[in-house]
Amino acid sequence: MCFGVRDAIALAIEHADAGPLTILGDLVHNPTVLGALEAKGIAVAEDVAHVKTPTLMVTAHGTSERTLARTRALGLTVVEATCPLVRVAHRAVAALAREGYHVVIVGQRDHVEVRGLTGDLDRDSFNVVLEDDDVLALEEHPRLGVAAQTTQAVERVRHLVDLIRRRFPQSDVRFLDTVCKPTKERQSAAVEMARQADVVIVVGGRSSNNTRELVKTCARYCARVHHVQTDAGVRPEWFEAAKVVGLTAGTSTPDAVIDRVEARIRLCAGASAGQVRQVEAQIEAMPRSVEGVPGVKDGLR
Ligand code: SF4
């Protein structure tokens, strides 16, 4: 689990112990964590208008200044768990808009983070793209400023930036790489692991963007990739004749869930799998703040 999600969960539990709390949208896209938060009595609201507690928490995915202003206007106390690396993305988008670029976000249009990133922009001053067709549908602008949802696959982002540059050779296309470091490191470690593994298991919520991107990335290098939410999803037949099993997880997957999946893999694979390689251990040494991310302290690079 990345530091942004871990800190947000800790903050939610701390505030829930102090009084009634509502979270704006899902804190993480992981059913195990969401179940634990629900058990603590924490409510979830998709819009500030539906909040019935005096305190509202903004998740690690962040939100727009407009939403924060609406929340405060309703007299609610705001607890902010916005990840520092999502704040970097907000600053990058704001800087692009301020400098007169038409903003292009590489991400999922309906994802809470993308809604937050675009929430302070005028409707006709940005586009969200995820596929080649989205780029082909873009209109020409003299200045195009591209940033990304923090959990997008780096390969996809670079590909779409290249496509934008080729489609609009006359335009000034500026790219600010806002994919977060834990996502990048996890993806590159997963590629190395998938290259060497006979079977790869990816653990994470079905609605977790970075988990789904990990599945797609691993599938490019290994033919037998399976996505599970918990250990209950692991099937013994997956490990037939597998000598090396790779294990990785989305940034919002709790360590305890990963450990249970690993134990289940060892049980199911038995003697056939000589090794279970996990990339999670390499992820814990990531920088915890924007200071550790070269060149993005001012939101630009
Ligand atoms: S995935 Fe990246 S941006 Fe999102 S909470 Fe984790 S560290 Fe922060």
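Structure: above.
Residues numbered from 1 in each chain as written. Predicted model: local features only at pLDDT ≥ 70, side-chain atom pairs only at ≥ 80, totals over all residues.

Right, let's talk about the overall build of the protein for a bit. Helix and strand counts for the protein stand at eleven helices and twelve strands. Within the protein, buried positions represent 43% of all 301 residues. The contacts in the protein between residues at least 6 apart in sequence include a share of 74% that link residues at least 24 apart. (Helix = DSSP H or I, 4+ residues; strand = E, 2+ residues; numbered from the N terminus. Buried ≥ 20, exposed ≤ 12 C-beta atoms within 10 Å, placed from the backbone. Contact = placed C-beta atoms within 7 Å.)

Around the ligand, 14 residues are found, and the nearest of them are Cys2, Gly4, Cys83, Thr150 and Cys180. Residue assignment for the shell around the ligand shows that the elements contributing at least two residues are α1 (3-18), α4 (84-98) and α8 (181-196). Along the lines of polarity and charge, the residues of the shell around the ligand split into eight nonpolar, six polar and no charged. (Near = placed C-beta within 6 Å. Nonpolar A, V, L, I, M, F, W, Y, C, P; charged D, E, K, R; others polar.)

This part takes up unusual backbone geometry. Unusually for a residue other than glycine, Ala241 sits at a positive phi of about 60 degrees. Tracing the backbone through its elements, the reader meets Ala241 in the loop between β10 (225-228) and β11 (244-249). Accessibility expressed as a C-beta count within 10 Å gives 8 for Ala241, which makes it exposed.

All right, on to the pairing of strand β7 (residues 143-148) then. Burial runs high along β7: five of the six residues are buried. Here five bridges tie strand β5 (residues 102-106) to β7, and the two strands are oriented parallel to one another. Bridge assignment links Val106 to a residue of β7, and that residue is Ala148. With four bridges joining them, β7 and strand β8 (residues 172-175) adopt parallel strand pairing. For Leu144, the partnering residue across the bridge sits in β8 and is Val173. Taking the sense of rotation as the criterion, the β-α-β connection linking β7, helix α7 (residues 154-167) and β8 turns out right-handed. (Pairing = 2+ DSSP bridges. Right-handed = clockwise from strand over helix to strand, strands pointing away.)

Taken together, four strands build an open sheet; the order of strands is β6-β5-β7-β8 and the sheet is parallel. In this open sheet, the two edge strands, each paired with only one partner strand, are β6 (126-129) and β8. This sheet shows a mean twist of 20 degrees between the axes of neighbouring strands, independent of strand direction. Sitting on the sheet, α4 is in contact with β5, β7 and β8, with an inclination near 175 degrees to β7. (Axes fitted to C-alpha atoms, helices over the stretch in contact; angles between N-to-C directions.)

This next bit is on the sheet that holds strand β3 (residues 55-58). Across the sheet, which stays open at both edges, the four strands sit in the order β2-β1-β3-β4 with parallel pairing between neighbours. In the strand order of this sheet, the two ends are held by β2 (43-45) and β4 (77-80), each with one partner. Taken pair by pair, the neighbouring strands of this sheet meet at an average axis angle of 30 degrees, ignoring direction. Sheet topology places β3 next to β4; four bridges connect them, and they run parallel. Bridging across to β4, Met57 finds its partner in Val79. Contacting β1 (22-24), β3 and β4, α1 crosses the sheet at an angle of about 175 degrees to β3.

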